[in-house]
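Spelled out from the first residue to the last, the chains are:
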Amino acid sequence: MSNLGKRQFSNVIAFVACTMATAVGISALFAILWVLLSNGIAGMSWQVFTQTTPAPGSSGGLSNAIFGSVLMTLMGILIGAPIGILAGTHIAEYGRRSALSTVVRFINDVLLSAPSILIGLFVYTMVVVRVGHFSAIAGAIALAIISIPVMVRTTEDMLNLVPGSIRDGSAALGAHPWRTISSIVYPAARNGMITGLMLAIARISGESAPLMFTVLNNQFWSTDATRPMANLPMTIYTYAMSPYADWQRLAWQGAFIITAFILLLSILARSLSSLFGKHQSSGE
Amino acid sequence: MAATPLYLSTLRREARIEGIFKAATYISAWTVLLLLAGVIITLIVGSWLTITKFGLGFLTHSKWNPVEDNYGALAPLYGTVITSVIAMIIAVPLSFGIAVFLTEICPRWLRRPISTAIELLAAIPSIVFGIWGLFFMAPVMQRSVQPWLIAHVGSIPGVGNLFQGPPYGIGVLTAGVVLAIMVLPFITAVFREVFTMTPKSLKEAAYGMGATQWNVVWDVVVPWSRTGIIGGIMLGLGRALGETMAVTFVIGNANRISSSILAPGTSIAAKIASEFAEAESAAHTSALIELGLLLFVLTFIIIASARLMLLRMDRGKAQRA
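Computed from a predicted structure; not experimentally measured.

The rules behind each value
Residues numbered from 1 in each chain as written. Chains lettered and ligands numbered in written order. Predicted model: local features only at pLDDT ≥ 70, side-chain atom pairs only at ≥ 80, totals over all residues. Heavy atoms only, no water. Helix = DSSP H or I, 4+ residues; strand = E, 2+ residues; numbered from the N terminus. Buried < 20%, exposed > 50% of the residue type's maximum accessible area, 1.4 Å probe, protein only. Contact = heavy atoms within 4.5 Å. Buried area = accessible area lost by both parts, 1.4 Å probe. Salt bridge = Lys/Arg side-chain N within 4 Å of Asp/Glu carboxyl O. Polar contact = N/O pair within 3.5 Å; in protein donor to acceptor, adjacent residues only side chain to side chain. Disulfide = S-S within 2.5 Å. Core = buried A, V, L, I, M, F, W, Y, C linked by side-chain atoms within 4.5 Å. pLDDT = per-residue confidence, 0-100. Axes fitted to C-alpha atoms, helices over the stretch in contact; angles between N-to-C directions. Parallel < 35°, antiparallel > 145°, perpendicular 65-115°, else oblique. Left-handed = near helix turned anticlockwise from the far one by under 90°. Nonpolar A, V, L, I, M, F, W, Y, C, P; charged D, E, K, R; others polar.

Comments concerning the overall build of chain B
- Scanning chain B from terminus to terminus reveals 12 helices and two strands.
- The helix and strand sequence of chain B, counted from the amino end, reads α-α-β-β-α-α-α-α-α-α-α-α-α-α.
- In terms of its C-alpha atoms, chain B occupies a principal-axis envelope of roughly 95 × 70 × 35 Å.
- A buried classification covers 53% of the 321 residues belonging to chain B.
- Long-range pairs, those at least 24 residues apart, make up 74% of the contacts in chain B between residues at least 6 apart in sequence.

Shown next, in the form of C-alpha cells:
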C-alpha cells in the first residue's frame, strides 16, 4: 500500500473509532434514562406525592422527602446565591485585576470540582457537632457551600460578556459603581445569571453525600428545620439498599423524579443561555 | 445652615450604598477563600486524635478494627486509586473519541444534540448512577462481562491475576466502569475546548501539505493542546477520586486489598459514607475524618495542578491570538 493509501486507511479507521466512542457515550445516557424510566414509572401514582414514607411492608409515598428536598434546596440557594453573585461581582468588576481576584478565581475553580463529601464533613464538624444534632439547616448550609462556586463562576463569566462601553457610559453620567452594576450590568447579564442560578439549583438538588453528615433523614413528615428532615437523596439511598421490594420501588420513583427535575432544569437553562448568546453576538 | 438640598442627600445616600455594596462583594470574595481554609482546618482538627496516635503508620497498613481502635488507611486508599485508574483507562479514550467526533467529524446539525446528550450525563446525580449501577450495571457485569473476562483474560500470565475469582457483579471493576461514565462528560468538555483553540492557520498549513483529517488531529491538534489534554485528564481524575454515593453502591464495601479487580473493595469516600453514622468511639470518627483529610490532600493536589495547566493553556492562547 502506498504511503497515501496507508494514511487514508488510518484516517477511516480512526474516525470509525471516534464515531463508535460517541455511540458508547450516547448509549450510556440512554441506558440510564431507559432503566430509570422503566423502573420509575412502574406503579407511579399520586400516592407518591401525597403520602409519607412508609414502614416496610405498608404502602406510602415520598411526600415528606420531596418537601424536605425542595425546602433545603431553596434555603441552600437563598444563602449561597447572594454570596456567590457578590463574590463573582467582586472578581469581575471591582477587583478585576487584583491579586485577591486571581487567588479567588483559582480556589473557586478548585472548589468547583472538590468532592462534596468533604463539604459534608466540614459542616458536620462546624454545625452538627456544636449544635449536638442533625438538622435541615445544617443540610441547607452544606448545599449553600456547594452552590457558591457554581454561582461565582457563572456570574463572572456572564458579567465579562457585558461590554465595558456601557459601564463607561453609566460612569460618565456620574453613577457610582454599585449603581452601574445594579442598574446597568446586572440587567444586561440577566439571562446568563438566571441560567447560572438554575444550574446551581440543578447541582445541589441531587447532592446526597453532604446531606448524609448534616440532615440525615426522617421517616416522618417534619417541617422543623432545626431537626433531621426527610429528603429524596437519602431516602433513595436507604430504600435502594434495603431488602424490601416496596422500598426499592419507591427508591426508583424518587430517582426518576429527581432526575426528571434536574434534566428539565438543565435543558431549560441551556436553551436560555443559547438565547443569551444569540443576543450577544447580534450586538444587542 | 439652610436645609440640605435634595440632590446632596441623594448623592450622600448613593455614596453610602456604594461603600456597603463594595464591602459586601469584598467579604463575599473572601468567603470563598475562608471556606477552603475552613475545610482544611476542620479536617485537621477533627482527625487530630488519630494523626497524633498513629502518625504515618496510618498510611502503611490495612487493618481497620473499630473494636481495638486500630486503623490503617491502606485498603481504602488502594481502592480509591485503583477505581480511579480503571475509570481513566476507560473514560480518556472514549472522551478523546467523542471530542474528535464533535470537533472534526460531526455534521453541523447533529453537533448540538450530541453534545447536549453528553453534557446531560454530567447533570445526572451521583445517587442515580449508584442505584443504576447496583441494579442494572452490576447484574450485567456479573452475567456477561466478568465471566468472559475470567475465562479469556484470567488465564493469561501477568495480567491474569487481575481477573480471577468469582464474578460478584459489584466490586472494584464495576465501580471503575460507573466512575468512567460519570467523569466522561467532564473530560470531553475540556478536550473539546482545547481542541477548538488550535489556530486555524496551523491546521490549514497541514492540510495544504496533503495531510488527512486524522493526520491533522493527531500531528497538529493533539501536540498543540497537550497541556490542556493532561489538564482535562487530571480534572477527571480529581472528580473520580472523590466520587462518593455511586461508588458506595457498587464497590462492595469490603476493607481489603485483593489482587483481582473483580473482588469487592472500598474507597476513601465510600468508607466514610458507609461507616460515619455508625462510628461509636472518638477514634473511629477521627480515623474517618483523617481519611477525609487524605482525600482532600489527594484531590486538591490533582485538581489544582489540572487548573494550573488549563490556565497556562488559556494564557498561551491569549498570546498567540
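Examining the interface of chain A and chain B
- With 78 residues of chain A in contact, the opposing surface of chain B contributes 77 residues.
- Contact between chain A and chain B buries roughly 7100 Å² in total, counting both sides, with carbon and sulfur atoms accounting for 81%.
- Counting every contact that joins chain A to chain B gives two salt bridges.
- Between Arg270 of chain A and Glu119 of chain B there is a salt bridge, with its nearest N and O atoms 2.5 Å apart.
- At the boundary of chain A and chain B, one finds 13 residue pairs in polar contact (both at pLDDT 80 or more).

Let's talk about the state of the cysteines
- One pass over the full model with this rule turns up zero disulfides over all chains.
- Just so you know, Cys18 of chain A is unpaired, no disulfide at all, and the nearest cysteine sulfur is the one on Cys106 of chain B, 12 Å from it.
- On the accessibility criterion, Cys106 of chain B (4% relative accessible area) is buried.

Considerations on the nonpolar core
- Counting residues in each nonpolar core, the largest one holds 161 residues, and the members touching the most others are Phe129 and Phe195 of chain B.
- In terms of residues, this core owes the most to one element, helix H6 (residues 172-197) of chain B, which gives 16 residues.
- Here Phe129 of chain B is in contact with Ile32 of chain A together with Leu121, Ile124, Val178, Ile181, Met182 and Ala246 of chain B, once residues within four sequence places are set aside.
- Among the nonpolar cores identified, the runner-up in size contains 12 residues, and Ala92, Ile181 and Met193 of chain A together with Phe21 of chain B belong to it.

With respect to the confidence of the model for chain A
- Per-residue pLDDT for chain A averages 91, and the proportion of residues at 70 or more is 96%.
- Of all secondary-structure elements in chain A, the lowest mean pLDDT belongs to helix H12 (residues 245-281) of chain A, at 84, while helix H3 (residues 63-94) of chain A reaches the highest, 96.

Remarks on the environment of Gly238 of chain B
Residues and elements named next belong to chain B.
- Tracing the sequence through the fold places Gly238 in helix H9 (residues 226-242).
- When the C-alpha atoms of Gly238 and Ile302 are compared, they prove to be 5.8 Å apart, with 64 residues separating the residues in sequence.
- In contact with Gly238, other than residues within four places in its own chain, are Thr299, Ile302 and Ile303.

A few points about the packing of helix H3 (residues 74-105) of chain B against helix H8 (residues 213-224) of chain B
All names here are of chain B.
- The contact between H3 and H8 brings their axes to 12 Å, and the two run at 115 degrees. Between H3 and H8, the crossing angle belongs to the class labelled roughly perpendicular. For the pair H3 and H8, the crossing hand works out as right-handed. Contacts between H3 and H8 involve Phe96, Val100 and Glu104 from the first element and Gln213, Trp214, Val217, Trp218 and Val222 from the second.
- By residue class, the composition of the contact of H3 with H8 is six nonpolar, one polar and one charged.

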